[in-house]
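Survey of secondary and tertiary structure
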Amino acid sequence: MTAAVEFQSVSRHFGSTRAVDGVDLTIAEGAFFAMLGPSGSGKTTCLRLISGFEKPTGGVIRIFGQDVSDVPPNRRNVNTVFQDYALFPHMTVRDNVAYGLMVKGVDRRVRLERAEEMLALVKLPGFGDRRPGQLSGGQRQRVALARALVNEPRVLLLDEPLGALDLKLREAMQDELKALQKRLGITFVFVTHDQHEALSMADSLAVFNEGRIAQIGTPEDIYVRPQTRFVADFVGSSNVLPPEVTRTFGGPSAWASLRPEALRVVVPDGVALSGTVTALRYLGAGSRVTVALGGAEVAALVPSGQAVPTVGATVGLAFDPAALHVMGGEG
Amino acid sequence: MTSRPAILPERGLADRLTATFWRHPRLLLAVLLAPPLLWLGVVYLGSLSALLLQSFFSIDEFSGVVKQELTLKTYAELVRAQNLDIILRTLLMAALVTVASAIIAFPIAYYAARFARGRWKAVFYLGVMLPLWSSYLVKVYAWKLILAREGIVTWFADHIGAGPLMARALEEQWFGGSSLSTSPVGTFIVFVYIWMPYMILPMQAALERVPGSMLEASADLGATRAQTFRTVIFPLALPGIVAGSIFTFSLTLGDYIIPQIIGNSARFIGLAVYQFQGTAGNLPLAAAFAVVPIVIMLIYLAIAKRMGAFDAL
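Moving on to the overall build of chain A. When you go through chain A residue by residue, the secondary structure sums to nine helices and 18 strands. Seen through its principal axes, chain A has C-alpha atoms that stretch 80 × 45 × 35 Å. Counting over 331 residues, chain A shows a buried share of 52%. Excluding contacts between residues fewer than 6 apart, the proportion of contacts in chain A whose partners are at least 24 apart in sequence is 64%. Approximately 14900 Å² of chain A is accessible, and the part contributed by carbon and sulfur atoms is 50%. The centroid of the 34 positive side-chain charges in chain A is displaced by 5 Å from the centroid of its 34 negative side-chain charges.

Written out as structure tokens, the structure is:
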């Protein structure tokens, strides 16, 4: 099977800034792929390299096996949902959605019909006559989605698609995007800086750091078996233990990660690990307890309903040794 | 307990005024708006209506005295062949100047809005505004020299072997003359040059407001550059183009100096107004002539609004 998108040591340098630096990447057809990373990590530039708004300074990009080095954006069968939606303010919603067909010269009657179908698909039937300015943020996003899908692209790119929505809407949209992707079978590639979004939506994801890919894998791979300190730290605020602390926890002398939810706060009698509570954070579903021990600070998650220690109290820590993940890669 | 007060002491007049304006927000608005409203309402609109009134008077052909009774006689005179000729010539010139300015201004404004950053932006503003800092008359006379038979344009044309071609073009009855500086083409060139900044600046402001992602969205959806220009850039820049064209169009309609200095002395509306109110002493006809550009501009704005020029504002 050919990959939907393939990067072969792709770089994009802006002067001395290496926005993307030697990235190798394969995105399988039909995947829901996430590019996760902090701002400035190169994920958005990678997305723009696929759409053609950036040209690589090195390497080769293939879309369904074809080298797209010399193909301008308008001839790539790839469409984008922009972060600011970029709807055309002077056109009605219907004309916005039909735009891709209009520029291809599709007959007016046919394209307006298709636009109506797409609006129904994103659950905005009957909104065709409105202007983008009359819609809410969530509705605008759906229009942007319909407009990008009307061309039946082989890859759909989404640039921080849910960034501007409030929490409730965001969660509803996550489910909907996932269902839509399954139904249409189109390869979705989306960029986000939100770990939860990436983990909950993607089939596989790449974590970006400083223009390079730190790790690629399934959400579980990334969350449970981070290969670098950066990944462990960025994805899900894990405890990153330096070698000497790992030894205290019964592991080898190497960097390791330990999820806060794998740690239990227990009575400090007869346990190997004990320390002093230095901070508490209430999270709703539980409380995050920071414990100082042996010169390091580790966080443990106390599920709601269980007793939460007070700051300054001495507590013991227990954990399942299998949860301690020793990282092979340095960095 | 702390002794810091909950309400800070008043510090004199400035604080008292701030408090007054805070309690009565409309007062500040009134204070700010009164002077400009007085200026616009009384001085500007007042004199404009005096002018309008004047145009409904007529002049006694024997005594040359203005008869102060309302009549449409003066307007009837406007449509006489020689006067209609002036109006049509001015209208055609204004339209051509506007179109030419828009075409030349667009790439400059587009570059400034999309690509110029930092220092280059400053260079752009300076380059566009600099001509406005020198006297209008100096510029027009400078152009007279440039376009003269002994001027640099003719010299250059001769040098590259285009001299005979230019001479042939100038023989054309419709727009020719003995030299560029005494032909309607010359008048046109100078008009375009003089009003260009007024087209570039609003156009650049309009293009600046078009987000780059919108152009990318258009390309992303499959549009060619030409399609993006026609369906996205142009409609979104239209308010700016219309704003600019209002300047170039109305300034050309009313100008009376350039046609006097450059061209074949054919009369334009501005020149007609100038002559009728001055040497001829026919104030009603001058006023009627002055009403023409106002009416034309109103029609123009109505059409622009119809075309949706202000939809994207």
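So, about the sheet that holds strand 12 (residues 256-258) of chain A. Residues and elements named next belong to chain A. Taken in spatial order, the three strands of this open sheet run 11-12-18, and their pairing is antiparallel. Either end of the sheet is taken by a strand with one partner, and the two such strands are strand 11 (239-241) and strand 18 (325-326). Relative to strand 18, strand 12 runs antiparallel, the two sharing two bridges. Its bridge partner lying in strand 18, alanine 256 is registered against valine 326.

Further remarks concern the domain arrangement of chain A. Residues and elements named next belong to chain A. Domains assigned within chain A are domain 1 (3-231) and domain 2 (250-326). Measuring from the centre of the C-alpha atoms in domain 1 to the corresponding centre in domain 2 gives 39 Å. Both faces considered, domain 1 and domain 2 share a buried interface measuring about 510 Å² in area, 50% of it formed by carbon and sulfur atoms. Considering only the side of domain 1, the residues that lose the most area to domain 2 are Tyr223, Pro226 and Arg229, jointly responsible for 81% of the buried surface there. On the surface where domain 1 and domain 2 come into contact, there are zero salt bridges. Inspection of the domain 1/domain 2 interface yields three residue pairs in polar contact (both at pLDDT 80 or more).

Here we take up the interface of chain B and chain A. At the junction of the two partners, chain B supplies 18 residues and chain A supplies 25 residues. The largest contributions to the chain B side of the interface with chain A come from Glu216(B), Asp220(B) and Leu221(B), which together make up 40% of the buried area. Where chain B meets chain A, there are one salt bridge. When the shortest N-O distance is used, the salt bridge between Arg48(A) and Glu216(B) registers 2.7 Å. The interface formed by chain B and chain A holds 10 residue pairs in polar contact (both at pLDDT 80 or more) in total. Among the elements of the structure, helix 10 (212-220) and helix 11 (225-254) of chain B are those that each provide at least two residues to the side of chain B that touches chain A. Element by element, the count of residues in the side of chain B that touches chain A is highest for helix 10 of chain B, at seven residues. Across the side of chain B that touches chain A, the residue classes tally to eight nonpolar, seven polar and three charged.

All names here are of chain B. Structurally, the position occupied by proline 239 is in helix 11. Using a relative accessible area of 8% as the deciding quantity, one classes proline 239 as buried. Along the chain, proline 239 and glutamine 204 lie 35 residues apart, while their C-alpha atoms are 11 Å from each other.

Throughout the structure, instances matching the rule amount to 21 aromatic pairs over all chains. Here the aromatic residues Phe106(B), Tyr110(B), Tyr111(B), Phe115(B), Phe229(B) and Phe234(B) are joined through ring pairs into a cluster of three or more. The ring of Phe64(A) carries the charged tip of Arg154(A) above its face, separated from the ring centre by 3.6 Å. The cationic tip of Arg229(A) hangs over the ring face of Trp255(A); the distance from NZ or CZ to the ring centre is 3.7 Å.

Two quantities define a packed helix pair, namely the angle between the axes and the distance from one axis to the other. Residues and elements named next belong to chain A. With their axes 8 Å apart at the nearest point, helix 2 (residues 93-102) and helix 3 (residues 108-121) run at an angle of 120 degrees to one another. The angle between helix 2 and helix 3 places the two elements in the oblique class. Relative to helix 3, helix 2 is oriented so that their crossing is right-handed. Contact residues: helix 2 offers Val93, Arg94, Asp95, Val97, Ala98, Leu101 and Met102, while helix 3 offers Arg111, Leu112, Arg114, Ala115, Glu116, Met118 and Leu119. The residue makeup of the contact of helix 2 with helix 3, split by class, is nine nonpolar, no polar and five charged.

Reading the values: the criteria
Residues numbered from 1 in each chain as written. Chains lettered and ligands numbered in written order. Predicted model: local features only at pLDDT ≥ 70, side-chain atom pairs only at ≥ 80, totals over all residues. Heavy atoms only, no water. Helix = DSSP H or I, 4+ residues; strand = E, 2+ residues; numbered from the N terminus. Buried < 20%, exposed > 50% of the residue type's maximum accessible area, 1.4 Å probe, protein only. Contact = heavy atoms within 4.5 Å. Areas by Shrake-Rupley, 256 points an atom, 1.4 Å probe, with all protein chains shown as cover. Lys, Arg positive; Asp, Glu negative; His and termini not counted. Charge placed at Lys NZ, Arg CZ, Asp CG, Glu CD. Pairing = 2+ DSSP bridges. Domains from an automatic or database assignment. Buried area = accessible area lost by both parts, 1.4 Å probe. Salt bridge = Lys/Arg side-chain N within 4 Å of Asp/Glu carboxyl O. Polar contact = N/O pair within 3.5 Å; in protein donor to acceptor, adjacent residues only side chain to side chain. Nonpolar A, V, L, I, M, F, W, Y, C, P; charged D, E, K, R; others polar. Phe/Tyr/Trp six-rings, centres within 6.5 Å; stacked < 30°, edge-to-face > 60°. Lys NZ or Arg CZ within 6 Å of the ring centre and 35° of its normal. Axes fitted to C-alpha atoms, helices over the stretch in contact; angles between N-to-C directions. Parallel < 35°, antiparallel > 145°, perpendicular 65-115°, else oblique. Left-handed = near helix turned anticlockwise from the far one by under 90°.

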